[in-house]
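Residues per chain, in single letters:
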Amino acid sequence: MVQKATRLGGRSLTGRPLGNTTRGTTNPNRMRRVDRWMTGPQAWRLRPGTTGAPPIAVDLGYGASPATAVEFFDRVRSVSPSAQVVGIEIEPERVARGTALHLEGLDFRLGGFEIPIDSKATVIRAFNVLRQYDEADVAGIWETMVGRLTENGVLIEGTCDEIGRRSSWVAVTKNGPQTLSISLRFGAFTRPSDVAERLPKALIHRNISGERIHDFLAAADAAWLSAAPLAAFGNKQRFVAMCRALRGNGWPICDSASRWRLGEMTVKWEAVAPRTGALALAELN
């Protein structure tokens with residue numbers, strides 16, 4: 001749990017939103033990659049058979065425009081028509097812009113990491129929010145948000161570039177971080193390690209020799225280069241070959257070719273977790 005509000009911008013744990021104001025920059029369709037993953041492999045979490053009640057999905061820190069929150073609503077409703085979606089922002093002006101839309105099932109509220117909703121959330125998407133914080137703050141922020149999840153809920157916390165071509169995110173449940181996903185638009189990268197500048201805050205400073213994420217990205221680059229002859233058949237085939245090679249070499253790559261063809265690769269957290277600090281495996285277990 002967050003221990004010191006002063007580390008998060010001096011906000012009180014009660015009475016005022018917990019967190020700092022973000023720049024608010026956003027673009028339509030910027031979150032398409034993470035939302036495609038959420039409504040694909042993670043869609044089971046949103047279905048009434050899992051939740052037992054209409055699920056609640058939270059878009060935390062949607063920015064100066066509610067556009068991505070509205071897209072989030074449409075995508076969540078595509079797999080769970082009864083879902084309620086809540087956009088949360090720390091700036092009243094941003095909340096007012098969303099509230100003016102008047103969409104049934106989509107609500108906007110003033111708040112922060114405390115997630116001010118009446119019931120627990122099934123999904124919390126927090127994208128491009130933690131970049132401004134210190135790595136030392138991440139574990140506490142995760143724990144605060146995960147505390148607002150249902151038993152089968154998931155926090156999806158990550159980063160993407162301005163138009164969503166390079167994206168990565170961590171899936172965190174009540175059992176801790178589970179996976180890291182990387183999603184890249186074909187033609188928008190030379191090597192998989194180009195995603196390094198868009199890694200989540202928990203990992204972005206760990207892409208150095210001796211750290212697991214550095215080893216993983218180096219292995220992905222090597223497998224991508226080895227699969228270069230398949231480029232003649234398209235980058236989808238090359239990316240699939242890369243993922244198969246990584247799995248064959250012992251990396252715990254999840255899912256199957258149906259996801260890999262999207263330029264999406266998910267690896268278990270233990271393969272990339274920091275070796276030291278609050279997010280190190282030994283301290284999470």
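Here, the structure is the one placed above.
Residues numbered from 1 in each chain as written. Predicted model: local features only at pLDDT ≥ 70, side-chain atom pairs only at ≥ 80, totals over all residues. Heavy atoms only, no water.

A separate point is the overall build of the protein. Secondary structure assignment for the protein yields 10 helices and eight strands. At 18 Å, the protein has a C-alpha radius of gyration in line with the 19 Å of a compact globule built from 285 residues. Projecting the C-alpha coordinates of the protein onto the three principal axes gives extents of approximately 55 × 40 × 35 Å. Of all 285 residues assigned to the protein, the portion counted as buried reaches 53%. Restricting to contacts in the protein with at least 6 residues of sequence separation, those with at least 24 account for 66%. Surface accessibility of the protein: about 12100 Å² in total, with carbon and sulfur atoms responsible for 50%. For the protein, the centre of its 37 positive side-chain charges and the centre of its 28 negative side-chain charges are spaced 5 Å apart. (Helix = DSSP H or I, 4+ residues; strand = E, 2+ residues; numbered from the N terminus. Rg over C-alpha atoms; globule rule 2.2 N^0.38 Å. Buried < 20%, exposed > 50% of the residue type's maximum accessible area, 1.4 Å probe, protein only. Contact = heavy atoms within 4.5 Å. Areas by Shrake-Rupley, 256 points an atom, 1.4 Å probe, with all protein chains shown as cover. Lys, Arg positive; Asp, Glu negative; His and termini not counted. Charge placed at Lys NZ, Arg CZ, Asp CG, Glu CD.)

Okay, the packing of aromatic side chains next. This structure, assessed with the given rule, holds 11 aromatic pairs. Ring geometry for Phe189 against Trp224: centres 5.1 Å apart, planes inclined by 45 degrees, an arrangement best described as tilted. Of the two residues, Phe189 sits in the loop between strand 7 (176-184) and helix 6 (201-204) while Trp224 sits in helix 7 (residues 212-226), which places them 35 residues apart along the sequence. What makes Phe189 buried here is its relative accessible area of 10%. A connected cluster of aromatic rings, assembled from ring pairs, spans Phe186, Phe189, Trp224 and Phe239. In this arrangement the basic side chain of Arg238 is found over the ring face of Trp224, its NZ or CZ atom lying 4.0 Å from the centre. (Phe/Tyr/Trp six-rings, centres within 6.5 Å; stacked < 30°, edge-to-face > 60°. Lys NZ or Arg CZ within 6 Å of the ring centre and 35° of its normal.)

Okay, the nonpolar core next. Within the largest apolar cluster, 56 residues are counted, with the highest numbers of intra-cluster contacts made by Val58, Trp142, Phe216 and Leu246. Counting residues per element, this core draws most heavily on helix 7, which supplies seven residues. (Core = buried A, V, L, I, M, F, W, Y, C linked by side-chain atoms within 4.5 Å.)

Here helix 3 (residues 67-79) spans 19 Å end to end across 13 residues, near enough to the 18 Å set by a 1.5 Å rise per residue. Those residues of helix 3 that sit buried are Thr68, Ala69, Glu71, Phe72, Phe73, Arg75, Val76 and Val79. Each element contacted by the buried residues of helix 3 is listed here: helix 1 (32-38), strand 1 (56-60), strand 2 (84-89), strand 3 (106-110) and strand 4 (121-127). (Expected span 1.5 Å × (residues − 1).)

This part is about the state of the cysteines. Scanning the model with the defined rule gives zero disulfides in all. Cys254 takes part in no disulfide bond, and the closest cysteine sulfur to it belongs to Cys243, at a distance of 11 Å. By relative accessible area, which is 17% here, Cys254 ends up buried. (Disulfide = S-S within 2.5 Å.)

Here we come to the pattern of salt bridges. Enumeration over the complete set of coordinates arrives at 14 salt bridges. Between Arg75 and Asp35 there is a salt bridge; the shortest N-O distance is 2.9 Å. Of this pair, Arg75 sits in helix 3 while Asp35 sits in helix 1, and the two are 40 residues apart along the sequence. Each member of the pair, Arg75 as well as Asp35, is classed as buried. A salt bridge links Arg165 to Asp161; its shortest N-O distance comes to 3.2 Å. For Arg165, a relative accessible area of 36% gives the class partly exposed. A relative accessible area of 4% places Asp161 in the buried class. (Salt bridge = Lys/Arg side-chain N within 4 Å of Asp/Glu carboxyl O.)

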